[in-house]
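Commentary on secondary and tertiary structure
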Amino acid sequence: MKKILSILFISLGLNFTTFANSNFKIISTVVNVETDYTSDGVKGINITYRYNFLPLEEENHNDTILSKASFSISAILYENNKAVEPALGYQSTANANGEATFGFDFLSNEMQASKFDKKKSLFIPYAALKLSPGNHTISIKTLLSGTDGTGNKHEQKLIKENIEFSKPKTNTFTLNIDYIESTEKNAKGNVWDIAFFRTDAPDVGVNVLVGNISV
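1. Things to note about the packing of aromatic side chains
Taken as a whole and assessed by the stated rule, the structure comprises eight aromatic pairs. One aromatic cluster is present, built from ring pairs that chain together Tyr49, Tyr51, Phe53, Phe71, Phe104 and Phe106. Sitting over the face of the ring of Tyr78, Lys141 holds its NZ or CZ atom 4.5 Å from the ring centroid.

In structure tokens form, the structure reads like this:
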């Protein structure tokens, strides 16, 4: 009896491991890769993904598995099987290997299970890519990764090849900020920050975005 129980426990453990790492698809396809796309006055590549988190809920037979779930998408561009590096000023996009990586996190309302697929886009400025002006043929490797509400991790990989575009000549600039002036209170007439025994001045910061990417 003990041997039989041991075998049952081992079998259950194997089933659980396979279950946690199942290869179902959240992203059904890369709907479109549009080159020479303009976003906020910046030209680049726009990638549209079609996705649905319903398969995750259905496979687990758990309608609360998306509660407290966390998923994101990251995309890396390759030319001649070599990852493209970030251009000058776009070091914020570099990953640990120095590769230009672009992506986004899914919001909680975007991860709700639905009978209908949803779409979400990712914009990559040409200026963020360390490529010479002129014609290029690249591939885009996308990784969807995350953790469901039970703590199990999931991954899905996609690749889109033979994307052709012509990168225009880009210019660099230097931005000098002498000072920033703010009012003593915010737009609602309240002090900016509240500290013990006194009120604090606002914490002022500057973030320059080009194509919604910090430079």
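2. Considering the sheet that holds strand β6 (residues 118-125)
Taken together, the three strands give an open sheet; going across it, the order is β1-β2-β6, and neighbouring strands pair in antiparallel fashion. The sheet terminates laterally at β1 (27-39) and β6, the two strands that pair on one side only. Between one strand axis and the next, the sheet turns through 20° on average, direction left out of account. With eight bridges joining them, strand β2 (residues 42-51) and β6 adopt antiparallel strand pairing. The residue bridging Ile45 from the neighbouring strand is Ile124, located in β6.

3. A short note on the nonpolar core
Counting 41 residues, the largest nonpolar core has Ile47, Tyr49, Phe71, Leu77, Phe102 and Phe106 as the members making the most contacts within it. At the level of secondary structure, the elements contributing two or more residues to this core comprise β1, β2, β3 (70-79), β5 (101-105), β6, β7 (134-147) and β8 (153-167). By residue number, the principal contributor to this core is β2, which donates five residues. Excluding residues that lie within four positions of it along the chain, Phe102 makes contacts with Ile73, Ser74, Ala75, Leu77, Thr93, Leu122, Ile124, Ala128, Leu129 and Ile213.

4. Re the confidence of the model for the protein chain
Averaged over all residues, the pLDDT of the protein chain equals 85, while 87% of them reach at least 70. Within the protein chain, helix α1 (residues 2-20) has the poorest average pLDDT of any element, 38, and strand β4 (residues 82-83) the best, 98. This stretch, residues 2-21, has a pLDDT under 50; its non-local contacts, to residues over four places away or in other chains, come to seven contacts.

5. Notes on the side chain of Ser39
By the element assignment, Ser39 lies in strand β1. Setting aside anything within four residues of it in sequence, one finds Ser39 in contact with Phe123 and Gly211.

6. A few points about the environment of Glu79
With respect to the helices and strands, Glu79 occurs in strand β3. Between the C-alpha atom of Glu79 and that of His136, which follows or precedes it by 57 residues, the distance is 7.7 Å.

7. What to know about unusual backbone geometry
Phi angles above zero are rare outside glycine, and Asp36 is one such case at about 55°. Tracing the sequence through the fold places Asp36 in strand β1. Taking the relative accessible area as the measure of exposure, Asp36 reaches 43% and is therefore partly exposed. One non-glycine residue, Asn81, lies in positive phi territory at about 65°. The topology assignment puts Asn81 in the loop between β3 and β4.

8. Notes on the pairing of β3
Among the ten residues in β3, seven count as buried, and that is most of the element. Examined bridge by bridge, β3 and β7 share nine bridges and lie antiparallel to one another. What sits directly across from Ala75, in β7, is Thr142. The hairpin formed by β3 and β4 contains two residues between the paired strands, and Asn80 there has a positive phi angle of roughly 55°.

Thresholds applied
Residues numbered from 1 in each chain as written. Predicted model: local features only at pLDDT ≥ 70, side-chain atom pairs only at ≥ 80, totals over all residues. Heavy atoms only, no water. Phe/Tyr/Trp six-rings, centres within 6.5 Å; stacked < 30°, edge-to-face > 60°. Lys NZ or Arg CZ within 6 Å of the ring centre and 35° of its normal. Pairing = 2+ DSSP bridges. Helix = DSSP H or I, 4+ residues; strand = E, 2+ residues; numbered from the N terminus. Axes fitted to C-alpha atoms, helices over the stretch in contact; angles between N-to-C directions. Core = buried A, V, L, I, M, F, W, Y, C linked by side-chain atoms within 4.5 Å. Buried < 20%, exposed > 50% of the residue type's maximum accessible area, 1.4 Å probe, protein only. Contact = heavy atoms within 4.5 Å. pLDDT = per-residue confidence, 0-100.

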